Amino acid sequence: MSLNKMRHLNLLLIMLLTVSFLGACSNAAIGIANNARQSTYDRIMQSGKIRCGYLIWPPGCIKDPNTGKLSGIGIDAFELVAKKLGLSVEWVEEVSMGTMSEGLITGRYDLVPSPIWTNANRAKVIGFSRPLYYSPLYVYARRGDRRFKNHWELIDSSKVKIAIVDGGTVEVVAQDDFPHAQKLSMPQLSDNAQLLLNVGTGKADVTFAEPLVADRYMQNNPGMVENINTDKPIRIFANSWMFKRGEFEFKAMLDTVLDEVINSGAMDKIIAKYEKAPHQVLRVALPYQSTSGL
């Protein structure tokens, strides 16, 4: 074989190897891109498992200090939904109010099934399921202090002090409705019961709380504070599960099964296990009802 023919064959061989290599790289890149674009729904269907972070917030999520077992309205409802879907649950990590969104965005877990209040700030970065139930928020003052009963407008005064948690829902309500009132601020990780304590001890005049928290505080600290408008909440918030924004197939699946759980009466039975007094929690209205009622 001549030298020129050998060179020609070598060149063809190099070209074939180059094309094969580039094709393999292209396929690998496509595979990586497809994996990167894989939706939460697709990943869960492939693995058969939902990875969860959880926020301890009784009675939505309760952790047994001895066994570590989780329970509560949100947890029981989620485990029922997962069972109906034939999916297993992996409890990845305990989260806080400050970290729960980050873990969803970065993919450390797929869902936070502890019931979370929906609001505008969270909606910008996180997706929500349909509501499991609703929480009324009431105005609490020192026991016997009736200055603001049926006259919330009097709270909006520089002479009045509202107990709040930095960045919390109570602060949002205080700023929106009573911008002129003073604010007694607590760090973000403070227990909401501390707000009621500040009112009961005279450090603040009022605060806002849901009955699930306030009733437990008043039972343990009788004669300290009272709900000054039992028939009129200042806000009502939806309690929903949280997941990464844009996961529409995942949301559609969760909402469909939640509809089944709510409409069958199973959610009402779960709530009844943890509700200590009437109207601490407002049920989601059934499709043929016009309102859940107070």
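Calculation rules
- Residues numbered from 1 in each chain as written.
- Predicted model: local features only at pLDDT ≥ 70, side-chain atom pairs only at ≥ 80, totals over all residues.
- Heavy atoms only, no water.
- Axes fitted to C-alpha atoms, helices over the stretch in contact; angles between N-to-C directions.
- Helix = DSSP H or I, 4+ residues; strand = E, 2+ residues; numbered from the N terminus.
- Parallel < 35°, antiparallel > 145°, perpendicular 65-115°, else oblique.
- Contact = heavy atoms within 4.5 Å.
- Nonpolar A, V, L, I, M, F, W, Y, C, P; charged D, E, K, R; others polar.
- Core = buried A, V, L, I, M, F, W, Y, C linked by side-chain atoms within 4.5 Å.
- Buried < 20%, exposed > 50% of the residue type's maximum accessible area, 1.4 Å probe, protein only.
- Lys, Arg positive; Asp, Glu negative; His and termini not counted.
- Salt bridge = Lys/Arg side-chain N within 4 Å of Asp/Glu carboxyl O.
- Polar contact = N/O pair within 3.5 Å; in protein donor to acceptor, adjacent residues only side chain to side chain.
- Pairing = 2+ DSSP bridges.
- Right-handed = clockwise from strand over helix to strand, strands pointing away.
- Phe/Tyr/Trp six-rings, centres within 6.5 Å; stacked < 30°, edge-to-face > 60°.
- Arc of directions from axis to C-beta.

**Some details on the packing of helix α3 (residues 73-85) against helix α9 (residues 248-263)**
Link 1 in the chain: Running from N to C, α3 and α9 cross one another at 110°; their axes reach a closest spacing of 10 Å. Considering their axes alone, α3 and α9 lie roughly perpendicular with respect to each other. For the pair α3 and α9, contact is made by L80, V81, K84 and L85 and by M253, L254, V257, L258, E260 and V261, respectively.
Link 2 in the chain: When its residues are assigned to classes, the contact of α3 with α9 shows eight nonpolar, no polar and two charged.

**Quick look at the nonpolar core**
Link 1 in the chain: Among the nonpolar cores identified, the biggest contains 34 residues, and V139, I155, I162, F178, L196, F208 and I234 are the most heavily contacted of them.
Link 2 in the chain: Of all the secondary-structure elements, those providing two or more residues to this core are β7 (133-142), β8 (161-165), α6 (169-177), α7 (193-200), β10 (206-209) and α8 (211-220).
Link 3 in the chain: Examining the composition of this core, we find that five residues originate from one element, β7, more than from any other.
Link 4 in the chain: Non-local contacts of V139, meaning those with residues more than four positions away in its chain, are made with W152, I155, V206, T207, F208, E226, N227, I228, N229 and I234.
Link 5 in the chain: In this structure, C52, I73, V81 and L111 belong to the second largest nonpolar core, which totals 29 residues.

**What about the side chain of S114?**
Link 1 in the chain: Of note, S114 is situated in strand β5 (residues 112-117).
Link 2 in the chain: Given a relative accessible area of 1%, S114 falls into the buried group.
Link 3 in the chain: Those residues in contact with S114 that sit more than four places away from it in its chain are Y54, L55, C61, S240 and W241.

**Some thoughts on the side chain of E210**
Link 1 in the chain: The topology assignment puts E210 in the loop between β10 and α8.
Link 2 in the chain: The buried charged residue E210 lacks any salt bridge, with R216 as its nearest oppositely charged partner at 7.4 Å.
Link 3 in the chain: Here S135 takes part through its side chain, which lies 3.2 Å from a polar atom of the side chain of E210.
Link 4 in the chain: Apart from the residues within four sequence positions on either side, E210 is in contact with W57, W117, S135, P136 and L137.

**Considerations on the pairing of β8**
Link 1 in the chain: Of all five residues making up β8, four are buried, and the element is well covered by its neighbours.
Link 2 in the chain: Pairing analysis gives five bridges linking β8 to strand β9 (residues 182-186), with the strands arranged parallel. Following the sheet pairing, V165 is matched in β9 by M186.
Link 3 in the chain: A crossover links β8 with its parallel partner β9, the connecting element being α6, and its sense is right-handed.

**Examining the pattern of salt bridges**
Link 1 in the chain: Counting across every chain of the model gives 17 salt bridges.
Link 2 in the chain: Between E94 and K63 there is a salt bridge, and its shortest N-O distance comes to 3.9 Å. Of this pair, E94 sits in strand β4 (residues 88-94) while K63 sits in strand β2 (residues 62-63); the two residues are 31 residues apart in sequence, bridging distant segments of the chain.
Link 3 in the chain: In this structure E94 comes out as partly exposed when scored by relative accessible area, which is 45%.
Link 4 in the chain: For K63, a relative accessible area of 34% corresponds to the partly exposed category.
Link 5 in the chain: The structure contains a network of salt bridges with shared partners spanning R142, D145, R147 and D205.

**A word on the environment of Y217**
Link 1 in the chain: By the secondary structure assignment, Y217 is in helix α8.
Link 2 in the chain: Residues Y217 and L197, spaced 20 residues apart in sequence, show a C-alpha to C-alpha distance of 8.5 Å.
Link 3 in the chain: Filtering out sequence-adjacent residues up to four positions away, Y217 remains in contact with A193, L196, L197, M224 and V225.

**With respect to the packing of aromatic side chains**
Link 1 in the chain: Per the stated rule, a full pass over the model turns up six aromatic pairs.
Link 2 in the chain: Seen from their ring centres, Y54 and W91 are 6.1 Å apart, and the 90° between their planes marks the pair as edge-to-face. Within this pair, whereas Y54 is found in strand β1 (residues 49-54), its partner W91 is found in strand β4, the two being separated by 37 residues in sequence.
Link 3 in the chain: Take Y54: its relative accessible area is 9%, and that puts it in the buried class.
Link 4 in the chain: The partly exposed category is assigned to W91, whose relative accessible area is 27%.
Link 5 in the chain: Geometrically, the ring pair formed by F243 and F250 is edge-to-face, given 5.7 Å between the ring centres and 70° between the ring planes.

**With respect to α6**
Link 1 in the chain: Of all the positions in α6, only T169, V170, V173 and A174 are classed as buried. Buried residues of α6 fall within an arc of 140° about the axis and therefore sit on the same side.

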